[in-house]
Structures are given as C-alpha cells and as structure tokens.
Amino acid sequence: MSLDLFNQVAVLVIFSINAVMLTVLVMLKVVHRHRRLDHDRRRTAYLGVLSRHLSMDDYNEPITETMAEDPAFLDALLDMRNALTGDDASTLGRIVNHHGIIQRQMRYLDSSWLLGRRLQAAVALAELGDEMSAETLMRHLDDPEPEIRIQCGRGLGRIRWTPAIDQIVSRFGTEIPWVSTRFSDTLVGYGAKATWPLLAYIRINHPYETQGVTLALRTLAQINDDQAVGPLLEILEESSDVEVRIATVYALGELGSPEALAALDALLDDDEWALRAKSASALGGLGDPAAISRLLHSMRDSNWWVRRSAAAAIAGLPGGIEALYTALDDEDPFAADAAAEALVDAGELVSARRRAEQEDALAEPLLAHMRSGWS
Amino acid sequence: MSWVGYATVAYFIAMQAYLLFLALVSAAALRRNHHLRRYGRVGEMLSSRTTPPVSIIIAAYNEEAGIVDAVRSMSIVRYPRFEIVVVNDGSNDGTLGALIETFQLEQVRIPYRPDLESAPVRAIYRGRSGVDITVIDKENGGRADALNAGINAARYPYVFCTDADVVLDPDCLVHSMQRVVEDRARTVGVGGNVRPLNGSRVQLGHIIEASVPKRLVPRMQILEYIRNFLASRPGWSWMNAVPIVSGAFGIWKRSVIVEVGGLTEGHMGEDMDLTMRIHRHLLDRGVPYRIVYEPAAVIWTEVPDNLRVLRRQRIRWHRGLMRVVSDFRGMTFNPRYRQMGMIAWPGFVLFEYLAPMIEFVGWFVVPTAWLLGALDTTALIWLLLIALGMGLLNSLIALVLDESFGFFNSPADTSRLIAVAVIENFGLRQMTVLWRIRAMLGGKGTRSWGNMERRGVTNLAGQQ
Amino acid sequence: MSEKKRILVADDSETIRALMQTALEGAGYEVVLAEDGLSAYELGSNGDYDLVIIDQLMPGLLGLDVVSRWHEEGMKTPVLMLTGVDDDRTAVESFDRGVVDYVRKPFRIPELMARIRMQI
C-alpha cells in the first residue's frame, strides 16, 4: 500500500470518527440538558405536590400513575423523606404504600439491567421500604454491586428486621472493608438487639480471624449495652491477638462500666504500647477518679502515644484538670509536656489567659510552662 | 518519505492507541462513578462515626490579602471532623497578624515532633473559635518545606495538601475520603480533579457558576486539564499506577509521607516526585497499596491568563518532569514495579515526556523538510491533517467524558470549547512544544514564591 | 384587619424551601425565599420581616455569619436557625447574636409551626 493511499485512508478514518464524536458531544449536551431541565422541572413540581400533602390536612390532589412511575417523583420523595421526621415521614410512607412504589422498586432491583436504576431502587427501598421489601433486601445482601449491599443493610436496619441481624453479622469477616463498616453502622441502629448475635460471632471467630471480630467489637462499643461487659472481659482474657484485645479494651472504655477497672488497670503495664495507650483512654471513659494516680504514672511511659492518651484520659475525669496542673511540675519533662498538651486541648490555655487577667493564681503554672520553652 | 517520517507516523499511531486505551478505561470508571455519586454516599459518610478525620494543610507566603478568606472558605467544607493547618512560611507581610486576629489564636507550646525536616519553626498557634485551626510560623524555606512542617504538626492520620488560593468544592473531602474508606488498609493516596476557575464566577470562596472564558490562553488550559484529568487519570487509577497526584489536591496517609521523608524542596515537580517515591517505596517493600484518583472531588484554581506567565509555568513544569523522569528511570520496564513499571511509567515517559520531541519533529522538522523540497506537498498536507485530526479526537473524547459532570452547559460554553479544540492546533500547541524543548535545553530557571509561579506543582502530567 | 406576617426563609436545599413555602403560606404567612447566605443577608437587611428562618450551613456566607452581621447592624427581627447534625459548638455563639431558637433537621412540620408561632 502506498503511503499516499495510507494517508488518505487514515485521514478519512480519523475525521469520520471526529465527526461522530462531535455529533455525540453536541447531542449529549443538548439531550442531557433538556432531560435534566425537564427532570428538575418535574421534580420541583412534585416537591410542591408533596409539600401540600404534608402540610394540609384535607389535601387530596391525586397522585397519578404517571407520577408514581416517574424517577423524578422518586427523587422528590427521597429528598423530602430526608428532610422530615416523625409523623410527616409516615405520611410520606402512606403515599408510598398507596401507589405501588415499593413493589415497583423491588422489581427494578431484581431485574433491571441498568446499574443506575438498580441503585436508585436500592436507595428507595432503604429509605421508604417496609416489611414487604424485607425479603428482597435480604436477598440482595449478596448483590454483586457493593453499594447495593450497603443500601440493603441500611434498609433492613431501618425497618428493624430482626432476622437480618445474624445475616449481617456473619458477613463481617468476609465482606470488603467499607461495606462491612456500613453494616456495622446498620447494626448500631438495631441497638441492644444486636448485642448477643455480635457476642456470639466474636466468641466463635476470635481465634481464627481478626477483621470481622474487631469490627464486631467496635460495633458493640457504639451500641453501648452494659450486658456485654462480662462477656467482653472474658474475651479479653481468652484472646491472644493484639488487635482483638485493643478493640475489646476500646469497647470496655466506651461501655464505661466499673467492672472493667481492674482488668484495664492491669493492662497499663502490658508489653504492647498500643494496648497500654488504649487502656489508658478506656480508663478515662470509665469515669472513676481512682484511676488518676495510675494514669499519672503512665504519663511517664516511654511511648509518646501512651503518655498522650493517659493525659487526655485524666483531663476527662473528675478532679483531672487539677491533677494535670500538679503534673506540670513533674520531674519527668515528657510527663510535664503531656500534661501541658492535654490542658491546652481541654481549653485551659484560653481560660488561663482570661483568668490571669483577673489575677487568678491557678492560671500561673500553665502560662509559666508555656513561656518556659521546649523540653 | 524517509524513515524519519515513517517513524514519526508510527509513534503518533502508538501514542494515539495509548491515549484511546486510557480514555476507554476512564470512560468505564467515570460511568460507574456517576451512578454511585448520585445515590446516598455523601450523607452516610457525613454521619458515620468511622469517617476518618483529615488535616488540611496549606502553605502561605505573603498572602495577607487572601489568607483569611481562604481559611474561611476551607472551614465550611462538608466533613464531620477535620482541622486546618496553615504554615506561614516566613512571610514579611501581615499574613500571620491577620490570622491571629481573625481567628483569635493563642500561641501554644506543645511538643512539635519534627518527623520531617524543615526550616526552623518559630511558634505555633491554636485557635478555639469554631474553626479548628493551627498556624505554624516558621522561617522561609519554600513550599515543600512549609508543607513538611505542616505535616509534622498535623494531628490526624490523613493529610490533604493544597494551596491557599484554591477554591474547594464543599464536597471534595467527602468524595475523596470515600475512596479511602472503601479500602482503608490499602489506600495511601487520593488525587482529585483540578479545574481552572478562570472565567467562572466566584463569590465568597464558592463557584457560583462555571463558564468558559473568551480568552484563548485560559480556554486552552481548560481543555488541557479536562483531557488530563478525565481522559487519563481515571484510567491510571484503575491500574493503580497514577504517576502524579496533583499538589493542589493530594490526600495522603500521613504515615506514608513520613516514611518517604516528605516533600523535596527545590524540586519543580515536587508533587510528582512525592507520588513516584511513594510508589517505589511501597513496591520495593512489597506492601499492598493503592493510590487512586477521584474525579468527583473537585478543586478550582487560577491558571495563567497570558502567554508570558504560561510559558514560565510550562518551562518550570517540564524541568520538574525531566528531573523526575531521570530519578525514576530505573523503574522503566522493570518487572519489580509491576504495572507501574511495565505499563504506566513507560507509557508516560514515552508518550508524555518524549512527546514534545516527537511533536517537534512533527510540527517543525516535517514542514521544514517540505520547504526544502525533501517532502512533497500532498504528503505534508496528509500528515498535518492526521496530526490535527488526532489532536481534535482526543479533545472531543475528553469533552464527552466531561459531560457527566455538567459544568459547562450553555451553547456559548460548548462552542468555545469545541472552537479551541480546533484552534489550539494552529499555534498554541506548537508553542508549548517549543517551550518544553527550551526547558530541555537548560538555562536559567524561574523559581520563586511569586504570584502564579511559586508553586512547584505539576498540575498536568504531560501534554496530550 | 391584620396584615400577613412576613417570613424570610433561607436554605440552599430546594426541598426545604418548597416545604417551607407550602407549609408557611398554607398557615397564612407571606414567604420570601433565599437560596444562599449572601442573598439572605441582602434581603434581610433591606426588607421588613417578622421572622427569619435560616439554615446554618449554606455555601458562601454561613448562616451564623449572616446572623452576626445582622446583630452588629442592630437588626431586631427574631431569627430561627435550622441546624444539621452536630452543631452544638455554634449553639452558644448564636444565642449571643440574636438567634432565638433552633430547629434540628430533619424536623416535623407541626413542631416547626409551633416554634414559629411562639415567636410571632
């Protein structure tokens, strides 16, 4: 093939593709814009309709079949749902039930080819769904698209569908991290109902795997159910995995039960710095001023993070601020610095300056320390 | 047509194939992203307790006029927990004073741990008035040096390095940290989308309306940035081989930056240098990691308005690029560095770094050959048409990919962009090629904390 | 013959604006809408309103900033602030600047109406 012919063909091909691209671009712009403007216009109209349904008792403008099938209506519904709570939200729920919206979204979730539509369906079911959709949601906990799995978890949590708890917990260890984190948030929504399933999961799995177990522990921490304290203390004793123990200590701190005091106190001397630091923080969460003297001792730890955690923990305990002020004179300069940092973080510096203006003696040591230079 | 001509054509074809491949991959990634963005992620991240906190770090030198507004606009970014660390790099104007007064800062003596080296720190200030702000006052040392000091003082596990004069999209942190949360263990860096704000209306630190300016110079750059950020980066990100996380929008895991020793002062491509060093460091150690790019995380910045400033910027960028290519040449086709070493880096060097030289041949040598009679007219015209056509194609593909973001909608905007896609081939592109050749030939560099030129930030990783 | 009370509503969410407009007009108030901080500030400073309902977090000027400016200028109109998730820090500050009450989002329409009736 001669170069000339090659050139001609090449140019022809390239410019044809260019023409196609240009057309595609212009069409996208025009069509897109038109569709978007149209969608927005309808959405605004629907917001008006829904607002009237919500704020006027005797309002009965019909919601037509076309409206109910319109994705813009669903958008408006979801946005409205996010803005409201209580009775208003349940009024919206009635509108939803009345018009087959849930069923339609379940169908889309099961059988639509388009990712966008399935995702919208999952979000809609998550926000608006009820027991009718529970089974569909459970099924899609195994959906190939991670975001849909998350929404299904959310939906089940919102309708408080109890059989889902075990299903969700069992996925902690096998799910990809960000999905399981969202599942964790969902379980927190269940509250105390999730406590025993979580504990059971931890019990069974802690010798074998870490990721799911630590997530389960952190979930328990947020649920804040005292019943978990005893079992957690047992796990602390049984487990030899550092990550698991750290998460358990964290949970005990969040639960704040004095039963844990002895165990946490013992861990302040553990070999692992991360465990020492976490125990220090957890002791702060227990609220018992008896821990202060031990924590002051931890402020001399060789590891910076431990010192810092101990000081921050003290700051949160009754009588802690005063204790930190005395610690400013500690012969260990690192301990003194940790105390100063914790005091600053607790807002003491600002109030110290103010009190110094009013000539309050308590303010002096912190200001003096600040002026005295680095250690 | 000599072998030089054939080689040039072959190179152009190979380059086009590479760009098209990247564009296709980017298109797929953007499509999925578009759906996920629409439904629900933002709200969940904002209300979840496990959303990781971020330290926003900015370096400021003589920014008295704008620093307060900049910090204010950053402080209303939508994110549950973050702090702002401003590093005053030895300004000799009222920058520090303005900050202290507006945010009621108090000087504090807290242990400052210099994990990274930097010029001496003179004082540290903390504020308590609603905005969680820390100001580091230090002696002048340059942007990289200042950022290192800021990273030292940062309290949170993730740092967001950016500049004082950018305009943040309120959701930029949510979108980019979403990528971190997806894979907490492996994600060490996230890059965002940088868009020129020239021509757009900005009010009180927010883009009211994005539009395409009339002036050709900024207009061409809008197109360039779209090509680079939408038709290339998502593709690299999918391969986990992003060679540059822009200095204007780089979120990093703090511990990793400390491990590699922070940013390199005096490097004109310090952002690219950091990214490549982190790749190399983690690949050497066999640590599973990923550095990704999030196109929905947007930040707006002002780009040079005229040729003079643009020229200086591009020469500086290319010098930075040269240094990086030289520093990391050992990675080229080195199987130890996996897809980065075998695909992305060689592709980058070949088609982005070497491109100006080949284009120089295309735009200058070939016409010269024609003038000298070594090439006949028809061949010349065909070749030029091919080059024009391919350039136009890349631009159009990029514009199509940009559609899903919906920034430019008016007919005026669209036609201006299409117009510049054609016009840039008749002079502007050639000029950038000449500047890069100029950069390669060496000479006096321009490096200073000036207005547009102060940043050693290589926003664009090359020129397509 | 009593005139209608005028209420200025400022929120960047179209949904909230639509809701407020319908609910308030339905209850017999006259409603003026603003989409962001700056226009809220301009409308509020130049107009005569019986009540202002403003969102805490808007692009441009924060609700709190707008309220502060009004306070400095001596505006006497009571302000109701809509707040999102975790804004306790600003609560104290805002009460010093003329905000008379808070409504947390998401809210209930009857509750919102009750708080409005308490003010005007």
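Going by the structure above, here's the rest.
**A look at the overall build of chain C**
- In terms of helices and strands, chain C carries five helices and five strands.
- Sequence-ordered secondary structure for chain C, helices as α and strands as β, is β-α-β-α-β-α-β-α-β-α.
- Expressed as a percentage of its 120 residues, the buried residues of chain C come to 43%.
- Put simply, 62% of the contacts in chain C that link residues at least 6 apart link residues at least 24 apart.

**Remarks on the overall build of chain A**
- When its secondary structure is counted, chain A shows 22 helices and zero strands.
- Over its C-alpha atoms chain A spans a radius of gyration of 30 Å, topping by over 25% the 21 Å that the globule rule assigns to 375 residues.
- Referenced to the eigenvectors of the C-alpha coordinate spread, the extents of chain A come out at roughly 85 × 65 × 55 Å.
- The 375 residues of chain A split such that 43% are buried.
- At a minimum sequence separation of 6, the contacts of chain A that also span at least 24 residues come to 65%.

**Some words on the sheet that holds strand β2 (residues 82–89) of chain B**
Residue and element names in this part refer to chain B.
- Reading across from one edge, β3-β4-β5-β2-β1-β6-β11-β8-β12-β7 is the order of the ten strands in this open sheet, with mixed pairing throughout. Looking along the sheet, the strands with just one partner apiece sit at the ends: β3 (105–108) and β7 (167–168).
- Sheet topology note: the strand β1 (residues 54–60)/β2 ladder contains seven bridges and is parallel. Bridge pairing links I56 to I84 in β2.
- Running over the sheet, helix α6 (residues 172–182) touches β1, β2, β6 (158–163), β7, β8 (187–196), β11 (250–253) and β12 (290–301) and is turned about 175 degrees from β12.
- Its contacts with the sheet place helix α7 (residues 216–231) against β8 and β12, and it is angled at close to 155 degrees to β8.

**Focus: the interface of chain B and chain A**
- Taken together, the contact between chain B and chain A spans 37 residues of the former and 41 residues of the latter.
- Of all elements in the fold, only α1 (3–38), β3, α6 and α14 (377–402) of chain B reach the threshold of two or more residues within the side of chain B that touches chain A.
- Sort the elements by how many residues they give to the side of chain B that touches chain A and α14(B) lands first, with 13 residues.
- Of the residues belonging to the side of chain B that touches chain A, the class tally is 19 nonpolar, eight polar and ten charged.

**A closer look at the pairing of strand β4 (residues 121–127) of chain B**
All names here are of chain B.
- Across four bridges, β3 lies against β4 in antiparallel orientation. For L105, the partnering residue across the bridge sits in β4 and is G127.
- Summarising the sheet, β4 and strand β5 (residues 133–138) pair through five bridges and their orientation is antiparallel. Paired with V121 across the strands is K138, a residue of β5.

**A closer look at unusual backbone geometry**
- The phi dihedral of A:N224 falls on the positive side, at around 65 degrees, and the residue is not glycine.
- Positionally, A:N224 belongs in the loop between α12 (211–223) and α13 (229–238).
- The exposure class of A:N224 is partly exposed, given the 15 C-beta atoms found within 10 Å.
- In this structure, B:N62 is a non-glycine residue whose phi angle is positive, near 50 degrees.
- Look at B:N62 and you get partly exposed, because 18 C-beta atoms sit within 10 Å.

**Concerning helix α5 (residues 143–153) of chain B**
- Among the eleven residues that make up α5(B), eleven are buried, leaving the element largely enclosed by the rest of the structure.
- Every buried residue of α5(B) is listed here: B:R143, B:A144, B:D145, B:A146, B:L147, B:N148, B:A149, B:G150, B:I151, B:N152 and B:A153.

**A word on the packing of helix α3 (residues 71–83) of chain A against helix α6 (residues 115–128) of chain A**
Residue and element names in this part refer to chain A.
- Close contact between α3 and α6 brings their axes to 11 Å; oriented N to C, the two are set at 40 degrees. With respect to α6, the axis of α3 lies oblique. The chirality of how α3 crosses α6 is left-handed. The residues of α6 that touch α3, namely those facing P71, L74, L77, L78 and R81, are Q120, V123, A124, E127 and L128.
- Here the contact of α3 with α6 is composed, by residue class, of seven nonpolar, one polar and two charged.

**Focus: the nonpolar core**
- Among the nonpolar cores identified, the biggest contains 268 residues, and A:I314 and A:A339 are the most heavily contacted of them.
- With twelve residues, the single largest contributor to this core is α14(B).
- Apart from residues lying up to four places away in sequence, A:I314 is in contact with A:I292, A:L295, A:L296, A:G320, A:A323, A:L324 and A:A342.

**Regarding the environment of B:A144**
All names here are of chain B.
- For A144, the position within the fold is in helix α5.
- The class of A144 is buried, set by 24 C-beta atoms lying within 10 Å.
- Through-space distance from the C-alpha of A144 to that of L105 is 25 Å; in sequence the pair is 39 residues apart.

**As for the pairing of β12(B)**
All names here are of chain B.
- Of all twelve residues in β12, eleven are buried, a share of seventy percent or more.
- In the sheet, β7 pairs with β12 via two bridges, with the strands oriented antiparallel. Note on β12: the bridge partner recorded for L168 is I299.
- Relative to β12, β8 runs parallel, the two sharing nine bridges. The residue of β12 that forms the bridge with G192 is E294.

**Description of the sheet that holds strand β5 (residues 99–104) of chain C**
All names here are of chain C.
- Taken in spatial order, the five strands make up an open sheet running β2-β1-β3-β4-β5, and their pairing is parallel. Here the strands that pair on one side only, and so sit at the sheet edges, are β2 (30–34) and β5. Taking the axes of each pair of neighbouring strands and ignoring which way they run, one obtains an average angle of 20 degrees across the sheet.
- Of the strand pairs in this sheet, strand β3 (residues 51–55) and strand β4 (residues 79–83) are connected by four bridges, and their pairing is parallel. Directly across from I54, in β4, lies its bridge partner M81.
- Each of β1 (6–10), β2 and β3 touches helix α2 (residues 37–46); the most contacted strand, β2, lies at about 140 degrees to it.
- Sheet strands in contact with helix α3 (residues 63–72) are β3, β4 and β5, and its direction is about 145 degrees off that of β3.

**A word on helix α9 (residues 163–170) of chain A**
Residue and element names in this part refer to chain A.
- Along α9, the positions that sit buried rather than exposed are A164, I165, I168 and V169. The buried residues of α9 occupy an angular sector of 130 degrees when projected down its axis, which confines them to one face.
- On its buried side, α9 packs onto α7 (131–139), α8 (146–158), α10 (177–190), α11 (195–205) and α12.

**Some words on the packing of α12(A) against helix α14 (residues 242–255) of chain A**
Residue and element names in this part refer to chain A.
- At their nearest, the axes of α12 and α14 sit 8 Å apart, and the two run at 5 degrees to each other. Taken together, α12 and α14 sit at an angle that is classed as roughly parallel. Residue-level contacts link V213, T214, L217, R218, L220 and A221 of α12 to E243, V244, A247, T248, Y250, A251, E254 and L255 of α14.
- When the residues that make up the contact of α12 with α14 are grouped by side-chain class, the tally is nine nonpolar, two polar and three charged.

**Concerning the environment of A:L125**
Residues and elements named next belong to chain A.
- Mapped onto the elements of the fold, L125 is located in helix α6.
- Sequence separation between L125 and L156 is 31 residues; the distance between their C-alpha atoms is 9.2 Å.
- Ignoring sequence-local partners within four residues, the contact set of L125 consists of I102, Q105, M106, L109, S133, T136, L137 and G155.

Rules used throughout
Residues numbered from 1 in each chain as written. Chains lettered and ligands numbered in written order. Predicted model: local features only at pLDDT ≥ 70, side-chain atom pairs only at ≥ 80, totals over all residues. Helix = DSSP H or I, 4+ residues; strand = E, 2+ residues; numbered from the N terminus. Buried ≥ 20, exposed ≤ 12 C-beta atoms within 10 Å, placed from the backbone. Contact = placed C-beta atoms within 7 Å. Rg over C-alpha atoms; globule rule 2.2 N^0.38 Å. Pairing = 2+ DSSP bridges. Axes fitted to C-alpha atoms, helices over the stretch in contact; angles between N-to-C directions. Nonpolar A, V, L, I, M, F, W, Y, C, P; charged D, E, K, R; others polar. Parallel < 35°, antiparallel > 145°, perpendicular 65-115°, else oblique. Left-handed = near helix turned anticlockwise from the far one by under 90°. Core = buried A, V, L, I, M, F, W, Y, C linked by C-beta atoms within 7 Å. Arc of directions from axis to C-beta.

Everything listed is a geometric property; what it means functionally is a separate question.
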